[in-house]
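# Close look at the chain arrangement
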Amino acid sequence: VILGNGPSGICLSYLLSGYTPYFKRDSLHPHPILQRKLEEAPDVSILDQDLEYLSEGLEGRSHSPVALLFDTLQRPDTDFGGTAESVLTWWHETNRAVPHLVLGRNAPGGAWHSIEGSMVTLSRGEWMGLPDLPFKDWLKQKRRGLRNNRATAEDIAQYYQHYVMKKGLQKNFRCGTVVTSVRKVSAESISNHAQKDLQENSDSLWNFNEKSMEVFQVDGFFKTVKGDKEPFSIYAENVVLATGTYDSPTWLGVKGENLSYVHHHQSALEEAVKNNNIGIMSDPVLIVGAGLTAADAILFAHHCNIPVIHVFRRRVSDPGLIFNQLPKMMYPEYHKVHQMMKEQSAACTGPYECYVSLPEHHVLSFGKDKKCIFQDKNGYQKAYKISMALVLTGSNPNLSFLPNNGIDLAMDSDQPVNPKRNPIDVDPFTYECTQEKGLYALGPLAGDNFVRFVQGGALAVASSLLKKANKNPP
């Protein structure tokens, strides 16, 4: 059972549906050592090969060796601006399919359906694509081009839905489901009735002969068209966590943060503008945070001529700031925000009206009278009257369906799971949780935060599950 139907879940479903990657004969990979390794076993699927051996020595923009491997097989020289074809060829071998279900709250595509449709992605459009259906080919069919090599969130959400249909995966997808609990139970404790059901639907994967065997019980409910909730229980030998990180925004934890004018989603600003609750003459909107979501909110406010006070903890020149890591040419709009952050601090007024930046400040409290108090690094305090506040400082995954919120699975088991600071601890070549066999984690939960790199994790999980299902691999 795969929990989450975003890019990670879709890609894994594709690989578990019998779609099998082989090295394309006569193709030449720009990495000579990898080319030599691929030529050693051209008739053996990549899924059946030793992923550790193949990925050894690869370097790139991900810490995961398997993510780098799958990425470079699909887009051999993309980091150097090249457009070399994939060195993989895909065969549909239905006898290799592993029975699975993909459970998701929304349509296939996951959080991409919750993002403002016209937002442009950070990654280049071709990096958003899934195996064997290039994103730009799909866009061409829509007679659209990529703006500055990047795509809109709406395009991507539609592409993921199209991918599921085109590859015939929809029979494995259950949308409108909410999972409330995942826990291990012994096979004995499942009622005989359920066991019999499982054996009738069985495949080589279900092996209930061992009395001691444990399986996962996945409980939840299914939202019907009428809005009713129908409960379900599913038993599975393996469960894959691919629920992403978009669930619950981070709170600052300061006084007054629960007041009605303080929001934690960018959409609140768009709503307020649409309903004419704020405009050019309003008190400023406070935006807290120095990531791309905060930048998107600033650009939106700037576009609507709405005054902004921008508060963030870091120095503008901090190398950890995302803006200092993005090439200017490719991201002109984010470069503009960064420039405003530098030039428009409260100490000096710059060319952009309606925007003030307060670097190295933090919020102390929100008042009922919409007065907000900040403190700078020297302990000095300032108060500003604002119309609304947007706290956009990142988000955390919601793993409330796991025992102890999944904290025991994390790298540091004293802290909550966080994609950047404390991901789930997984084996780098199978993505199986080190603390819980049979449980796997993919995507942001395992520390892979870009669509381009989540696919290697799916390859690792599929490879591991196929090895479990097939006791005699080639």
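Everything here concerns the structure above.
Described below are features of the structure shown in this document. (Residues numbered from 1 in each chain as written. Predicted model: local features only at pLDDT ≥ 70, side-chain atom pairs only at ≥ 80, totals over all residues. Heavy atoms only, no water.)

### Things to note about the packing of aromatic side chains
For the structure shown, the criterion picks out 11 aromatic pairs. Pairing Y14 with W90 gives two aromatic rings, centres 5.1 Å apart and planes at 55°, and the pair type is tilted. Here Y14 is found in helix α1 (residues 7–16), whereas its partner W90 is found in strand β3 (residues 88–92), with 76 residues between them in sequence. In this pair, the class of Y14 matches that of W90, namely buried. Aromatic side chains F374 and Y384 sit 5.6 Å apart centroid to centroid with 45° between the ring planes, which places their arrangement in the tilted category. With F374 in strand β18 (residues 371–376) and Y384 in strand β19 (residues 381–385), the pair connects residues that are 10 residues apart, well separated along the chain. (Phe/Tyr/Trp six-rings, centres within 6.5 Å; stacked < 30°, edge-to-face > 60°. Helix = DSSP H or I, 4+ residues; strand = E, 2+ residues; numbered from the N terminus. Buried < 20%, exposed > 50% of the residue type's maximum accessible area, 1.4 Å probe, protein only.)

### Describing the packing of α1 against helix α6 (residues 153–166)
Contact pair α1 / α6: the axes reach a minimum separation of 11 Å and the direction vectors enclose 15°. Judged by the angle between their axes, α1 and α6 are roughly parallel. Helix-helix and strand crossings are classified by hand; for α1 and α6 the assignment is left-handed. Contacts between α1 and α6 involve P7, I10 and Y14 from the first element and Y160, Y163 and V164 from the second. (Axes fitted to C-alpha atoms, helices over the stretch in contact; angles between N-to-C directions. Parallel < 35°, antiparallel > 145°, perpendicular 65-115°, else oblique. Left-handed = near helix turned anticlockwise from the far one by under 90°. Contact = heavy atoms within 4.5 Å.)

### So, the sheet that holds strand β17 (residues 361–366)
Think of a sheet as strands paired side by side through backbone hydrogen bonds, with each pair either parallel or antiparallel. Here 3 strands make up an open sheet; going across it, the order is β17-β18-β19 and the pairing antiparallel. Here the strands that pair on one side only, and so sit at the sheet edges, are β17 and β19. Pairs of neighbouring strands in the sheet enclose a mean axial angle of 30°, with direction left out of account. Bridge analysis of β18 against β19 gives 5 bridges, and the strand direction is antiparallel. Note that in β19 the partner of F374 across the bridge is K382. (Pairing = 2+ DSSP bridges.)

### Things to note about the packing of helix α8 (residues 267–274) against helix α9 (residues 292–303)
Running from N to C, α8 and α9 cross one another at 15°; their axes reach a closest spacing of 10 Å. Considering their axes alone, α8 and α9 lie roughly parallel with respect to each other. The handedness of the crossing between α8 and α9 comes out as left-handed. For the pair formed by α8 and α9, the contact residues are L269, E270 and V273 on the first element and A297, F300 and A301 on the second. For the contact of α8 with α9, the residue count by class is 5 nonpolar, no polar and 1 charged. (Nonpolar A, V, L, I, M, F, W, Y, C, P; charged D, E, K, R; others polar.)

### A short note on the nonpolar core
With 83 residues, the main nonpolar core has L3, V218, L241 and I424 as its most contacted residues. Looking at which element gives the most residues to this core, the answer is helix α11 (residues 451–469), with 9 residues. Residues within four places of L3 in sequence aside, it is in contact with L103, V179, V182, V218, V239, V240, L241, A242, T243 and F401. (Core = buried A, V, L, I, M, F, W, Y, C linked by side-chain atoms within 4.5 Å.)

### Details of the pairing of strand β20 (residues 388–391)
Look at any regular strand and the pattern is simple: side chains alternate between the two faces of the sheet. Where burial is concerned, the two faces of β20 agree: the one with M388 and L390 and the one with A389 and V391 are both buried. Bridge count for strand β13 (residues 262–263) against β20 is 2 bridges, and the pairing is parallel. Residue pairing in the sheet places H263 in a bridge with L390 of β20. In this structure, strand β14 (residues 285–288) lies alongside β20, joined through 4 bridges in parallel fashion. Residue V288 lies in a different strand from β20, and its bridge partner there is V391.

### Concerning unusual backbone geometry
In this structure, E360 is a non-glycine residue whose phi angle is positive, near 55°. Structurally, the position occupied by E360 is in the loop between β16 (355–358) and β17. Not every positive phi belongs to a glycine, and K370 is a case in point at roughly 65°. Classification of K370 as partly exposed rests on a relative accessible area of 31%.

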